[in-house]
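# Structural overview for review
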Amino acid sequence: MLTHLQLPDYEGLSRTVSEIVVEAFLRKPDLMVCMASGHSPARACDLLVEALQGKDLSGLQIIGLDEWWGMEPDNEGSCRHFFDTRLTGPLNLRPDQCHFFDGLAKDYAAEVQRMDALIAARGIDLAIVGIGMNGHIGFNEPGTPFEAGCHLAVLDDVTRSVGQKYFNAQTELEKGITIGLGHLMRAEHLVLIANGAHKADLIKRAMEGPVGPAFPASIIQLHHRATVVTDVQAGAELSRS
Ligand code: F6R
């Protein structure tokens, strides 16, 4: 089932996403949350940290959706840096509660296997994802099969150039390691968030366009429980909101 929640602005969207995570956590204290990094979930992470203050978080598990391949964890544009500074760090989670791809791993196949095995063992209860300007989710680039497990992806030109926004200096972005669409399909609840007018056409294609690997985010139309949370601008082109 596909649900659309439209909020007046980014703050409202972020509050709604934070509330979805908190509610799920209160129902299931050993919740496994898969989180994207990037601009879309940034404020939701801040609000989530506030909302979870004082709660017993000892069972909470966070798994990072993806990482730039070859990236140092302390690079300010890395996904790992995002989590360390905005979510798992401020929440004071133990290392065994945090599961991230190592962008510097020697052997990508072993890294893929490690995360596949973790997801197979624990499952993903809640996945909070964004949408890229080419319709990607994580680094599931256009053309990725819907059944894909964790994998190392060659990034397409859009991802390489849009990705520069996370870095202070021009950075070579060639590959990314990511949780696959197949895992996201099996998540208990998939939440896709988007804000801003530049995402309006993408949200329309994801929710109302043809379903297929050419536009990875269209997978939400096949998910058993997907929620799209947008602000007014990102939802502006939808015919059924
Ligand atoms: C980041 C990630 C990416 C982003 C997407 C949107 O971990 O998985 O797929 O979610 O590129 O990025 P923002 O939110 O910065 O517009």
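Scroll up to find the structure this text is about.
These remarks concern the structure in this document.

Conventions and cut-offs
Residues numbered from 1 in each chain as written. Predicted model: local features only at pLDDT ≥ 70, side-chain atom pairs only at ≥ 80, totals over all residues. Heavy atoms only, no water. Buried < 20%, exposed > 50% of the residue type's maximum accessible area, 1.4 Å probe, protein only. Helix = DSSP H or I, 4+ residues; strand = E, 2+ residues; numbered from the N terminus. Arc of directions from axis to C-beta. Contact = heavy atoms within 4.5 Å. Phe/Tyr/Trp six-rings, centres within 6.5 Å; stacked < 30°, edge-to-face > 60°. Pairing = 2+ DSSP bridges. Right-handed = clockwise from strand over helix to strand, strands pointing away. Salt bridge = Lys/Arg side-chain N within 4 Å of Asp/Glu carboxyl O.

## As for helix α3 (residues 79-86)
Within α3, the full set of buried residues consists of Cys79, Phe82 and Phe83. Angularly, the buried residues of α3 cover 90° about the axis, an arc narrow enough to put them on a single face. In this structure, the buried side of α3 is in contact with β2 (32-35), α2 (42-51), β3 (61-64) and β4 (66-68).

## Regarding the packing of aromatic side chains
Under the criterion given, the structure shown has five aromatic pairs. Ring centres of Trp68 and Phe139 lie 4.7 Å apart, and the angle between their planes is 50°; this geometry places the pair in the tilted category. With Trp68 in strand β4 and Phe139 in the loop between β6 (126-129) and β7 (151-154), the pair connects residues that are 71 residues apart, well separated along the chain. Of the two residues examined, Trp68 and Phe139, each falls in the buried class. Aromatic pair Phe83 and Phe100: ring centres 5.1 Å apart, planes at 15°, arrangement stacked. Residue Phe83 is located in helix α3, and its partner Phe100 is located in the loop between β5 (98-99) and α4 (108-122); the two are separated by 17 residues in the primary sequence. Assessed through its relative accessible area of 1%, Phe83 is described here as buried. Here a set of aromatic residues connected by ring pairs shows up, and it is made of Trp68, Phe139, Tyr166 and Phe167.

## Quick look at the pairing of β3
Looking along a regular strand, one sees side chains alternate from face to face of the sheet. Across the two faces of β3 the burial is the same, with Gln61 and Ile63 and Ile62 and Gly64 all buried. Relative to β3, β2 is paired through four bridges, and the arrangement is parallel. Counterpart to Cys34 in the pairing with β3 is Ile63. Handedness of the β2-α2-β3 crossover: right-handed. Pairing geometry for β3 and β5, over two bridges, is parallel.

## A short note on the pattern of salt bridges
Inspection of the entire model under this criterion finds 10 salt bridges. Ionic pairing is found between Lys28 and Asp30, a salt bridge with its closest N-O pair at 3.5 Å. Look at Asp30 and you get partly exposed, because its relative accessible area is 37%. Linking Asp84 and Arg80 is a salt bridge whose minimum nitrogen-to-oxygen distance equals 3.0 Å. Pair noted here: Asp84 and Arg80 are both in helix α3, with a separation of four residues, about one helical turn. For Asp84, a relative accessible area of 32% gives the class partly exposed. For Arg80, a relative accessible area of 31% translates into the label partly exposed. Through salt bridges with shared partners, a single network forms among Glu11, Arg15, Arg43, Asp46 and Arg86.

## Focus: unusual backbone geometry
The phi angle of most residues is negative, glycine excepted, and most peptide bonds adopt the trans form. One non-glycine residue, Asn92, lies in positive phi territory at about 60°. Assignment of secondary structure puts Asn92 in the loop between α3 and β5.

## A few points about helix α7 (residues 200-208)
Among all positions in α7, only Ala200, Leu202, Ile203, Ala206 and Met207 are buried. An end-on view of α7 places all buried positions within 160° of arc, on one side of the element. Where the residues of α7 are buried, they touch β1 (2-7), β9 (189-194) and β10 (226-231).

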